[in-house]
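Structural description and commentary
Next come the chains, spelled out residue by residue.
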Amino acid sequence: MQLTKKKTVLLIIGIIILSFNLCPAITSVGPIIGMIRDDLSLSNWSVGFITSLPLLAFAFMSPIAPRLANRIGNMRALLIGLIILMSGIWIRSIATIALLYLGTTLVGVGIAIINVILPSLIKGSFPSKIGIMTGLYTTCMSTFAAAGSGLSVPLTSGIDLGWKLSLASWSVITIIGIAIWLFVMKNTPAEKDLKLYEPSARKMLKSGIAWQVTIFMGLQSFLFYVTISWLSEILIADGFLPSTAGWFVAYMQFISLPATFLTPIIAGKLKNQRSLVLGFGSAGVIGYIGLLFHSSIILTTISITLIGFTLGSSISLALALLGLRTKNARQAAELSGMAQSFGYLLASVGPIIVGLLFDLTGSWDNSLMAIILVTIVMIGFGIGASRNKYVL
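Thoughts on the overall build of the protein
When helices and strands are tallied, the protein shows 18 helices and zero strands. Its C-alpha atoms give the protein principal-axis dimensions of roughly 60 × 45 × 35 Å. Residue burial in the protein is summarised as follows: out of 392 residues, 55% are buried. Of all intrachain contacts in the protein linking residues separated by at least 6 positions in sequence, the fraction that spans at least 24 positions is 84%. Total accessible area computed for the protein in this model is approximately 16300 Å², and 70% of it derives from carbon and sulfur atoms. Both charge centroids of the protein, one from 25 positive and one from 11 negative side chains, sit 22 Å from each other.

Remarks on the pattern of salt bridges
For the structure shown, the criterion picks out one salt bridge. Put simply, Glu334 and Arg67 hold a salt bridge, and the shortest N to O gap is 3.0 Å. Of this pair, Glu334 sits in helix 17 (residues 329-361) while Arg67 is found in helix 5 (residues 65-72), placing the two residues 267 residues apart along the sequence. Arg67 gets classed as partly exposed once you look at its relative accessible area, which sits at 38%.

Re the environment of Ser41
Considering the arrangement of structural elements, one finds Ser41 in the loop between helix 3 (33-40) and helix 4 (44-61). Separated by 322 residues in sequence, Ser41 and Ser363 place their C-alpha atoms 30 Å apart.

Some points on the side chain of Thr310
With respect to the helices, strands and loops of the structure, Thr310 is situated in helix 16 (residues 297-324). Judged by relative accessible area, Thr310 falls into the buried class, the value being 1%. Once residues lying within four places of it in the same chain are set aside, the contact partners of Thr310 are Phe280, Ala283, Gly284 and Met378.

Quick notes on the packing of helix 6 (residues 74-92) against helix 7 (residues 97-125)
Helix packing for two helices is described by the angle between their axes and how far apart those axes are. Close contact between helix 6 and helix 7 brings their axes to 7 Å; oriented N to C, the two are set at 160 degrees. In terms of orientation, helix 6 and helix 7 fall into the roughly antiparallel class. Handedness of the helix 6/helix 7 crossing: left-handed. Residue composition of the contact of helix 6 with helix 7, by class: 20 nonpolar, seven polar and one charged.

Brief notes about the confidence of the model for the protein
The predicted model of the protein has a mean per-residue pLDDT of 83, with 92% of residues at 70 or higher. When the criterion is pLDDT under 50, residues 193-198 qualifies, and its contacts beyond four places in sequence or with other chains add up to 13 contacts.

Re the packing of helix 8 (residues 130-158) against helix 16
In the contact formed by helix 8 and helix 16, the axes pass within 9 Å of each other and the chain directions differ by 140 degrees. Here the hand of the crossing between helix 8 and helix 16 comes out right-handed. On helix 16, the residues touching Ile130, Thr134, Tyr137, Thr138 and Met141 of helix 8 are Ile315, Ser316, Leu319, Ala320, Gly323 and Leu324. When grouped by side-chain class, the residues that make up the contact of helix 8 with helix 16 number seven nonpolar, four polar and no charged.

As for the packing of aromatic side chains
Taken as a whole and judged by the stated rule, the model has five aromatic pairs. Seen from their ring centres, Tyr225 and Tyr344 are 6.4 Å apart, and the 70 degrees between their planes marks the pair as edge-to-face. With Tyr225 in helix 12 (residues 208-237) and Tyr344 in helix 17, this residue pair connects regions lying 119 residues apart in the sequence. As far as the burial class goes, Tyr225 and Tyr344 line up, both buried. Between Phe240 and Phe248, the aromatic rings sit 5.6 Å apart at their centres with planes inclined by 80 degrees, giving edge-to-face as the arrangement.

Let's talk about the nonpolar core
If you look at the biggest cluster of nonpolar residues, it comprises 93 residues, and the most contacted ones within it are Ile15, Trp181 and Tyr288. Once you skip the residues sitting within four places of it in the chain, Ile15 turns out to touch Leu118, Leu121, Ile122, Phe126, Met133, Tyr137 and Trp181. Judged by nonpolar contacts, the second largest core, of nine residues, contains Val29, Ile32, Ala95 and Leu167.

Thoughts on helix 5
Within helix 5 the residues assigned to the buried category are Ala65, Pro66 and Ala69. In a view along the axis of helix 5, the buried residues occupy a sector of 100 degrees, so they form one face of it. Phi for Gly73, located one or two positions after helix 5, is positive at around 95 degrees.

What counts, and where the lines are drawn
- Residues numbered from 1 in each chain as written.
- Predicted model: local features only at pLDDT ≥ 70, side-chain atom pairs only at ≥ 80, totals over all residues.
- Heavy atoms only, no water.
- Helix = DSSP H or I, 4+ residues; strand = E, 2+ residues; numbered from the N terminus.
- Buried < 20%, exposed > 50% of the residue type's maximum accessible area, 1.4 Å probe, protein only.
- Contact = heavy atoms within 4.5 Å.
- Areas by Shrake-Rupley, 256 points an atom, 1.4 Å probe, with all protein chains shown as cover.
- Lys, Arg positive; Asp, Glu negative; His and termini not counted.
- Charge placed at Lys NZ, Arg CZ, Asp CG, Glu CD.
- Salt bridge = Lys/Arg side-chain N within 4 Å of Asp/Glu carboxyl O.
- Axes fitted to C-alpha atoms, helices over the stretch in contact; angles between N-to-C directions.
- Parallel < 35°, antiparallel > 145°, perpendicular 65-115°, else oblique.
- Left-handed = near helix turned anticlockwise from the far one by under 90°.
- Nonpolar A, V, L, I, M, F, W, Y, C, P; charged D, E, K, R; others polar.
- pLDDT = per-residue confidence, 0-100.
- Phe/Tyr/Trp six-rings, centres within 6.5 Å; stacked < 30°, edge-to-face > 60°.
- Core = buried A, V, L, I, M, F, W, Y, C linked by side-chain atoms within 4.5 Å.
- Arc of directions from axis to C-beta.

Following this line, the structure appears as structure tokens:
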């Protein structure tokens with residue numbers, strides 16, 4: 001798709017506003033989940049299911065999103081994703097249990113559509129700038145993910161919005177996104193070549209590289225959601241105050257931003273990305289091992305810095321590989337659907353498995369050993385996915 005400079009800038013702005021919508025509707029729930037539980041008289045299991053629903057929706061919707069884009073085009077599909085996301089945010093704020101679950105599911109469906117199709121849009125619109133564009137949108141995504149966690153309690157309690165209006169307030173970004181994306185669609189040519197490629201889903205399932213990218217995506221998602229879910233509890237068990245543990249979780253997300261931005265840019269300049277995988281993977285192993293020693297605040301800060309570097313680099317490299325390992329936008333969409341479907345399915349069970357290990361053993365050390373093992377396996381599949389080959 002050939003774009004003028006003005007239309008290129010407009011499309012980049014559209015991609016940025018899309019990335020703003022990918023996380024805060026989910027990350028804003030965790031800090032106030034106790035308030036939701038108490039207000040609706042839910043059990044811990046029931047309220048915990050709220051955090052799993054979007055991930056299960058991601059897993060279910062990710063293989064479907066490329067078919068939707070194939071029928072109506074990437075840009076229209078992205079608009080539908082924003083509309084579904086906005087509807088879900090509003091529905092879950094009505095505050096009945098059934099509508100809370102329904103709205104949360106729709107939030108996951110809307111985000112999944114956007115998340116799967118964005119790499120395809122970048123591949124088709126910026127084929128020579130995959131690294132920098134992936135770095136840009138993943139950094140914006142991570143920034144608003146951290147903002148969702150950080151602003152949730154102040155919105156709910158600090159200015160007395162209550163949890164319903166607090167969650168509903170994130171629809172403002174989505175409404176702005178819909179308005180801007182409609183303007184982008186009106187002023188940017190549609191992808192005329194999208195339907196020229198034959199469907200490649202069955203071939204993708206037979207590709208070794210595709211499976212290595214998929215499993216790498218799954219394992220890095222596993223690590224991210226396990227760490228986001230349980231790091232605070234691990235630190236509290238080590239003797240840190242809950243407020244300090246919470247700040248460490250926020251720090252981990254913010255410290256990951258430089259790595260999130262730079263990793264895909266560097267990846268796009270390399271013939272293969274093995275050195276990157278070894279670098280951030282080793283940092284993760286060292287960081288998680290550091291948590292085993294119940295260290296001082298200084299050593300804990302170093303460990304969490306290394307973990308943040310690993311999580312930021314791994315997610316942005318995984319998304320960059322969706323474009324780097326494919327030849328065209330269609331293949332990027334198919335690989336994105338395949339990789340993210342498996343990835344989020346694996347991520348949805350990760351926090352449960354790690355929590356179950358703690359329940360069975362009474363110690364977080366065993367859970368950390370499992371996380372370290374998963375990190376090592378991720379490195380192996382990341383090295384395989386980094387080979388300078390196309391999936392088909």
